[in-house]
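# An overview of the molecular structure
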Amino acid sequence: QVQLVESGGGLVQAGGSLRLSCAASGRTFSSLAMGWFRQAPGKDREFVAACDWKAINTYYDDSVKARFTPARDNGKNTLYLQMNSLKPEDTGVYYCAAGPPPLDYSRDYREYDYWGQGTQVTVSS
């Protein structure tokens with residue numbers, strides 16, 4: 001089992017920044033594929049960004065490329081999402097997700113086995 005706890009959400013004006021954190025416990029963090037997803041009211045959960053378990057490759061949805069940066073610290077069992085130049089359309093509940101091997105990374109939320117409780121991000125115009 002893996003437990004994930006997100007933090008760092010909040011209310012920010014358009015153009016501002018936030019840094020989300022996801023603390024993991026319960027399984028060797030360095031072996032897990034980790035991703036960030038978000039869900040806006042009335043919409044499906046969508047992929048935002050991910051790091052492979054080697055922390056070498058990062059992946060982004062086109063809507064956040066050049067603004068968001070995922071990172072992981074395997075020594076601290078923590079996944080991060082640095083969000084800059086935030087836009088109102090970035091508003092939603094942000095979830096971190098984990099998937100055990102052999103998953104390397106995926107944009108499909110169904111590939112991940114473990115989820116945090118989510119943290120609300122609200123961007124005002």
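Our structure is the block above this text.
Everything numeric here is computed off the predicted structure, so don't read it as measured data.

Attention now moves to the environment of G26. If you trace the backbone, G26 turns up in the loop between β3 (18–25) and β4 (33–39). On the basis of relative accessibility, which here comes to 57%, the residue G26 falls in the exposed class. Sequence separation of G26 and Q3 is 23 residues, and the distance between their C-alpha atoms is 6.1 Å. For G26, the contacting residues outside a window of four places in its chain are Q1 and Q3.

Turning our eyes to something else, we now look at the sheet that holds strand β8 (residues 78–83). Here we have 4 strands laid out as an open sheet, ordered β1-β3-β8-β7, and antiparallel in their pairing. Each of the sheet's edge strands pairs with one partner strand only, and the pair in question is β1 (3–7) and β7 (68–73). Adjacent strand axes in the sheet meet at a mean angle of 15° when their direction is disregarded.

Bridge analysis of β1 against β3 gives 5 bridges, and the strand direction is antiparallel. Its bridge partner being in β3, L4 is matched across the sheet by A24.

Tallied over the entire structure, the rule returns 5 salt bridges. Of the charged contacts, one joins D62 and K65 as a salt bridge, the two residues approaching to 3.5 Å between their closest N and O atoms. Here D62 falls in the exposed class, since its relative accessible area comes to 63%. A residue is classified by how much of its surface remains accessible, and K65, at 49% relative accessible area, is partly exposed. Here the salt bridges share partners, and the residues they tie into one network are R38, E46, R67 and D90.

Thresholds, definitions, all that
- Residues numbered from 1 in each chain as written.
- Predicted model: local features only at pLDDT ≥ 70, side-chain atom pairs only at ≥ 80, totals over all residues.
- Heavy atoms only, no water.
- Helix = DSSP H or I, 4+ residues; strand = E, 2+ residues; numbered from the N terminus.
- Buried < 20%, exposed > 50% of the residue type's maximum accessible area, 1.4 Å probe, protein only.
- Contact = heavy atoms within 4.5 Å.
- Pairing = 2+ DSSP bridges.
- Axes fitted to C-alpha atoms, helices over the stretch in contact; angles between N-to-C directions.
- Salt bridge = Lys/Arg side-chain N within 4 Å of Asp/Glu carboxyl O.

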